[in-house]
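# Close look at the chain arrangement
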Amino acid sequence: MSALAADSALGPTGALAQARDGKPVDDDFLTLLENTTQPLAGLATEQRRHTVLLLDAYLATVTELIEHGRYSPATGRRLHTLAASLSQTVAWHRFDLGQHTPASQY
């Protein structure tokens, strides 16, 4: 898990900072986010307690890109699809951990 987080932390930082500055959202960065969230979403229920904070960070990153980034309509669809998928995943993780009220907020 920490290796995945470390790999993700190396390159995307610059891409996220650029998007915050009004530069276009980088397709490679978005692909990285999509490819690294899918395995996390598919983890067994008993492993989910270890990924809650990581998934929260992914969702925060994606919503930051949606709110402050500049992107094409196609990239916007990808971002919104990823945000919806992450929201659903985070909600189920919270529900499985017995956090029903927070789960309903996602």
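See the structure shown above.
Residues numbered from 1 in each chain as written. Predicted model: local features only at pLDDT ≥ 70, side-chain atom pairs only at ≥ 80, totals over all residues. Heavy atoms only, no water.

## Some words on the packing of aromatic side chains
Worth spelling out the cut-off: Aromatic pairs are defined between Phe, Tyr and Trp rings, using the six-membered ring for Trp, whenever the two ring centres lie within 6.5 Å; interplanar angles under 30 degrees are classed as stacked, those over 60 as edge-to-face, and all others as tilted. Only DSSP runs of H or I with at least four residues qualify as helices, and only runs of E with at least two residues qualify as strands; both kinds are numbered from the N terminus onward. Only protein chains enter the calculation, and the probe is 1.4 Å; a residue is then buried if its accessible area is under 20% of its type maximum, exposed if over 50%, and partly exposed in between.
Summed over all chains, the structure comprises 1 aromatic pair. Summarising the aromatic geometry, the rings of tryptophan 92 and phenylalanine 95 are spaced 5.7 Å apart at their centres and angled 80 degrees between planes, so their arrangement reads as edge-to-face. Here tryptophan 92 pairs with phenylalanine 95, and both are found in helix H5 (residues 73-96), just 3 residues apart, close to one helical turn. Phenylalanine 95 gets classed as partly exposed once you look at its relative accessible area, which sits at 40%.

## Some details on the pattern of salt bridges
Selection rule: Just to be clear on terms, a salt bridge is a Lys or Arg side-chain nitrogen sitting within 4 Å of an Asp or Glu carboxyl oxygen.
Counted by the stated rule, this structure contains 3 salt bridges. For arginine 78, the salt bridge goes to glutamate 34, with nearest N and O atoms at 2.7 Å. In this pair, arginine 78 sits in helix H5 while glutamate 34 sits in helix H3 (residues 27-41), placing the two residues 44 residues apart along the sequence. For arginine 78, a relative accessible area of 26% puts it in the partly exposed group. In this structure, the salt-bridge partner of aspartate 56 is arginine 94, at a minimum N-O distance of 2.7 Å. Here arginine 94 lies in helix H5 and aspartate 56 lies in helix H4 (residues 52-68), a separation of 38 residues in the sequence. What makes arginine 94 buried here is its relative accessible area of 10%. Look at the salt bridges and you will find they share partners, linking Asp27, Glu34 and Arg78 into a network.

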